[in-house]
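# Inside the fold
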Amino acid sequence: MGVAVVDQEWPKARRAVLADAAGVGVAVGALGLSFGALAVVSGFSVWQACALSLLMFSGASQFAVIGVLAAGGGAFTGAATATLLGVRNALYGLNLSSLLRVRGLRRLFGAQLVVDESSAMALVRDDPRQARLAFWATGTSVFVFWNVATLVGAFGAQVLPDPEALGLDVAAPAAFLALLMPRLRDRRLWAVAVAAAATALLTVPVLPAGLPVLAAGLVAVVVALRGRRDRPGAGHRWGR
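I will try to describe carefully the structure that is included in this document. Bear in mind the structure is a predicted one, so any value in this text is a computation, not a measurement. Sequence positions are assigned chain by chain, starting from 1 and proceeding in written order. Thresholds applied to this predicted model are a pLDDT of at least 70 for local features of residues and 80 or more for the giving and counting of side-chain atom pairs; totals over whole chains, interfaces and linings are not thresholded and use all residues. Excluding hydrogens and water, the side-chain figures rest on all heavy atoms present in the structure.

## What about the overall build of the chain?
The following threshold applies: Labels follow the DSSP assignment, with helices taken as runs of H or I lasting at least four residues and strands as runs of E lasting at least two, numbered in each case from the N terminus. For each residue, the accessible area found with a 1.4 Å probe, counting protein chains only, is set against the maximum for its type, and the residue is called buried under 20%, exposed over 50%, and partly exposed in between. Computed with a 1.4 Å probe, the accessible areas rest on the Shrake-Rupley method; for each residue, only the protein chains presented here act as cover.
Scanning the chain from terminus to terminus reveals 10 helices and 0 strands. Secondary structure elements of the chain, listed N to C terminal, follow the sequence α-α-α-α-α-α-α-α-α-α. The 240 residues of the chain split such that 39% are buried. When the accessible area of the chain is evaluated, it comes to approximately 13700 Å², of which 67% is carbon and sulfur surface.

Here is the structure:
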């Protein structure tokens, strides 16, 4: 009887997950338009902007790369900043490994889809079947919409006579704030954010372009780790 009830409820749950995944993809796609346009304004070609979205596929890291290079920083600094921001994806992957249990090429594809949105959609669900569907559906939706939006935004900025007149120079900071604010849910996270912001403000006048972001990121990691030591460890949600 229990199995029959679960099977009857699955189609409804599946539709709800897919609808949520599509909605997340559309919302992230709107930010992808800004990235594509800002990348072109910062000196990237359309195809370079699209390559970043296809291969890196991490919004915060991508904005960091173009922001550092546009400010005069070097390629190494831009790559280091993007790597630091992308460390969280590796932590997501570790947390999701017991749920997805993928192998071979599917594992490689799954790793590319480990981003904030797909991880959040999976981790908030207690049912493993729904969690797996949420991860794959959201990851695929975000990947498609983000890359299409990058292409559209980059071409749009290329054909505009003066794209900087649209105020795209503030798109990257605004995007970071949009990504950050929904995640500041407790005092510990606010402490991390404030410490990182203060470090960036203090080091901008004295460090070369790009390095203040790295300094702020390192301070954020230190503050976060110190706060984490006081928290009890969390077990695996789905077991073995």
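Let's pick the thread back up.
## Brief notes about the packing of aromatic side chains
The geometry of two aromatic rings is summed up by the distance between their centres and the angle between their planes. In plain terms, the rule: In this analysis, rings of Phe, Tyr and Trp, with Trp reduced to its six-membered ring, are considered paired at centre separations within 6.5 Å, and the interplanar angle assigns stacked below 30 degrees, edge-to-face beyond 60, and tilted for intermediate values.
Inspection of the entire model under this criterion finds 6 aromatic pairs. Between F35 and F63, the ring centres sit 5.5 Å apart and the planes meet at 85°, which makes this aromatic pair edge-to-face. Residue F35 is found in helix α1 (residues 2-41), and its partner F63 is found in helix α3 (residues 59-70); the two are separated by 28 residues along the sequence. Pair check on accessibility: F35 and F63 agree, each one buried. With a centroid separation of 4.9 Å and 80° between ring planes, the pair formed by F57 and F143 is classed as edge-to-face. Separated by 86 residues along the polypeptide, F57 in the loop between α2 (46-56) and α3 and F143 in helix α7 (residues 128-159) bring together distant segments of the chain.

## Notes on helix α6 (residues 116-123)
In terms of burial, α6 is largely enclosed, as 7 of its 8 residues are buried. Residues D116, E117, S118, S119, M121, A122 and L123 constitute the buried set of α6.

## Points about unusual backbone geometry
With phi around 45°, F57 is a residue other than glycine that occupies positive phi space. At R101, a position not held by glycine, the phi torsion is positive, near 50°. Within the secondary structure, R101 is located in the loop between α4 (75-100) and α5 (104-112).

## Regarding the nonpolar core
Keep this limit in mind: Nonpolar cores are built from buried Ala, Val, Leu, Ile, Met, Phe, Trp, Tyr and Cys residues. Side-chain atoms within 4.5 Å join them into one set. It only takes one pair of heavy atoms within 4.5 Å for two residues to be counted as in contact.
Among the nonpolar cores identified, the biggest contains 34 residues, and I66, L96 and F135 are the most heavily contacted of them. Elements that contribute at least two residues to this core include exactly α1, α2, α3, α4, α6 and α7. If one sorts the elements of this core by residue count, α7 sits on top with 8 residues. Excluding residues that lie within four positions of it along the chain, F135 makes contacts with L96, L100, G110, L113, V114, S118 and A122. In this structure, A13, V17, M121 and A134 belong to the second largest nonpolar core, which totals 8 residues.

## Notes on the environment of L18
Here L18 lies in helix α1. Residue class for L18 comes out partly exposed when judged on its relative accessible area of 32%. Considered as a pair, L18 and T138 are 120 residues apart in the sequence and their alpha carbons are 7.7 Å apart. For L18, the residues in contact, after removing those within four places along its chain, are L133 and A137.

## Points about α2
Note: α-helices contain 3.6 residues per turn, so residues at a spacing of three or four share the same orientation. To keep things clear, this is the line we draw: This arc is taken over the directions from the axis of the helix to the C-beta atoms.
Burial in α2 covers these residues: V46, A49, C50, L52 and S53. Along the long axis of α2, the arc covered by the buried residues comes to 155°, so they all point the same way. Across from the buried face of α2, at angles greater than 90 degrees, the exposed residues are W47 and L55. F57 sits one or two positions beyond α2 and adopts a positive phi of about 45°.

## As for a positive patch on the surface
Heads up, the rule is: Here, patches come from residues exposed beyond 30% relative accessible area and free of salt bridges, joined within 9 Å for like charges and within 5 Å for nonpolar side chains (Val, Leu, Ile, Met, Phe, Trp, Tyr). For salt bridges, the criterion is a side-chain nitrogen of Lys or Arg within 4 Å of an Asp or Glu carboxyl oxygen. Positive: Lys, Arg. Negative: Asp, Glu. His and the chain ends are not part of the count. Charged groups are reduced to one reference atom each: NZ for lysine, CZ for arginine, CG for aspartic acid, CD for glutamic acid.
Together, R101, R103, R107, R129 and R132 give the surface a local cluster of positive charge. Looking at the element boundaries, R103 is found in the loop between α4 and α5. Since its relative accessible area comes to 62%, R103 is described here as exposed.

## Digging into the pattern of salt bridges
For the structure on display, the rule yields 2 salt bridges. Of the charged contacts in the structure, one is a salt bridge between R125 and D20, with a shortest N-O distance of 3.4 Å. Taken together, the positions of R125 in the loop between α6 and α7 and D20 in helix α1 put the pair 105 residues apart, joining distant regions of the chain. We classify R125 as buried; its relative accessible area is 14%. When its relative accessible area of 37% is taken as the criterion, D20 is described as partly exposed.

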